[in-house]
Amino acid sequence: MTDAPKSHGRLTARPSLRPRELMAEPQVAGAWTARIITLFPEAFPGILGLSLTGKALAQGLWNLQTVPLRDHGLGRHRNVDDTPAGGGAGMVIRPDVLDAALREAGQGLPIIYMSPRGKPLTQARARALAQGPGVTLICGRFEGVDQRVLDAHDIEEVSIGDYVLTGGEIAAQVLIDATVRLIPRVLGNHDSLAEESFSIGNRGLLEAPQFTKPALWDGREIPPVLLSGNHAAIAAWRSGEAERLTQERRPDLWRAYADTHVDPAKDRQRSGASDQSRIYREHDKEPKR
């Protein structure tokens, strides 16, 4: 019998040869669950144990389990990797070792390997995961994972950006954070999700700028419309700012939005106005003579 995964939060009781840690609590049956296969289980919960995600974990709104990959290593030194076939630098995680860890993690959850060659993590993917039972995440190390085990388990590869990290633990925490916050009752004000960047409520646009007190700071004022009390005008201003920022900073998102929401003639007009607005803002930054 293999040892049960290390648990964080309140979990349902599971038989195990490993004594339960004194500080561990039983998991909540049916709660959204993240299972992490990692060489460094001590990295979890990490930042996920703080703030709203940590509070939700303590309340049993989601479960966190770690499966130590080293427990399935081979030989005296519990080796989990070997040299790459065909030569090359670095080491590769063995398929038999990872397969054993996946079998310990169990079935019933989609499996994702955090990889720089994977599909980009999007708000839509996080939303879909939040609506499911949970996810099993593989945190890679070294030069990667033997392709055969990825194919054998039909594992999805997901990337958090076009860069390379030393391991998948940080990437896994990013995916979990983006997903857990979408679970009902995790955020104090769930309605705020509708106005965030990439959200359905914000039409897939970037979020408009935010302001708070004081009304005048360092010679800079809050836009007067936000203090007008005119809710229709405020909504129109925020909508316009969301469109402007998206067009300037994320042309890819703007093209997808404009295809269904913007008249081509108005889009060209807005593009010219946006360029002129940028010139004015750059001019304002120049030192006054």
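As a reminder, the structure under discussion sits directly above these lines.
The shown structure was predicted, so the numbers you read here are calculated from the model rather than taken from an experiment. (Residues numbered from 1 in each chain as written. Predicted model: local features only at pLDDT ≥ 70, side-chain atom pairs only at ≥ 80, totals over all residues. Heavy atoms only, no water.)

Draft legend 1. Geometry of the overall build of the chain. For the chain, the count of helices and strands is eight helices and 10 strands. Across the 289 residues in the chain, those meeting the buried criterion constitute 39%. Long-range contacts, defined as pairs at least 24 residues apart, comprise 68% of the intrachain contacts of the chain with a sequence gap of at least 6. Accessible surface for the chain amounts to roughly 17,200 Å². Of this, 54% is attributable to carbon and sulfur atoms. (Helix = DSSP H or I, 4+ residues; strand = E, 2+ residues; numbered from the N terminus. Buried < 20%, exposed > 50% of the residue type's maximum accessible area, 1.4 Å probe, protein only. Contact = heavy atoms within 4.5 Å. Areas by Shrake-Rupley, 256 points an atom, 1.4 Å probe, with all protein chains shown as cover.)

Draft legend 2. Quick look at the environment of Ala126. By the element assignment, Ala126 lies in helix H3 (residues 123-130). Its relative accessible area of 1% is what places Ala126 among the buried residues. Taking the C-alpha atoms as reference points, Ala126 and Leu182, 56 residues apart in sequence, are found 8.0 Å from one another. With residues near it in sequence (within four places) discarded, Ala126 still touches Ala178, Thr179 and Leu182.

Draft legend 3. Up close: the environment of Leu98. Along the chain, Leu98 turns up in helix H2 (residues 95-105). Using a relative accessible area of 1% as the deciding quantity, one classes Leu98 as buried. Linking Leu98 and Leu69, residues 29 residues apart in sequence, is a C-alpha distance of 7.0 Å. Residue contacts for Leu98: discarding those within four places in its chain leaves Ile37, Leu69, Ile93, Ile138, Val145 and Val149.

Draft legend 4. The layout of surface pockets, seen in detail. Of the pockets and cavities examined, the second largest pocket occupies roughly 460 Å³. Lining the second largest pocket are 26 residues, and of these Tyr113, Met114, Ser115, Pro116 and Gly144 sit closest to its centre. Here the lining of the second largest pocket takes five residues from strand S6 (residues 111-120), the largest share from any one element. Here the lining of the second largest pocket is composed, by residue class, of 13 nonpolar, nine polar and four charged. (1 Å grid on protein atoms, 1.4 Å probe; cavity = no way out; pocket = protein on both sides within 12 Å on 5 of 7 lines; lining within 4 Å. Points joined across faces, edges and corners; volume = space filled by probe spheres on them. Nonpolar A, V, L, I, M, F, W, Y, C, P; charged D, E, K, R; others polar.)

Draft legend 5. Summary view of helix H1 (residues 51-58). Every buried residue belonging to H1 is among Thr53, Gly54, Ala56 and Leu57, and all of these are buried. Viewed along the axis of H1, the buried residues span an arc of 160°, placing them on a single side of the element. Away from the buried face of H1 by more than 90 degrees, exposed residues Ser51 and Lys55 are located. At the exit of H1 stands Gly60, carrying a positive phi of roughly 80°. (Arc of directions from axis to C-beta.)

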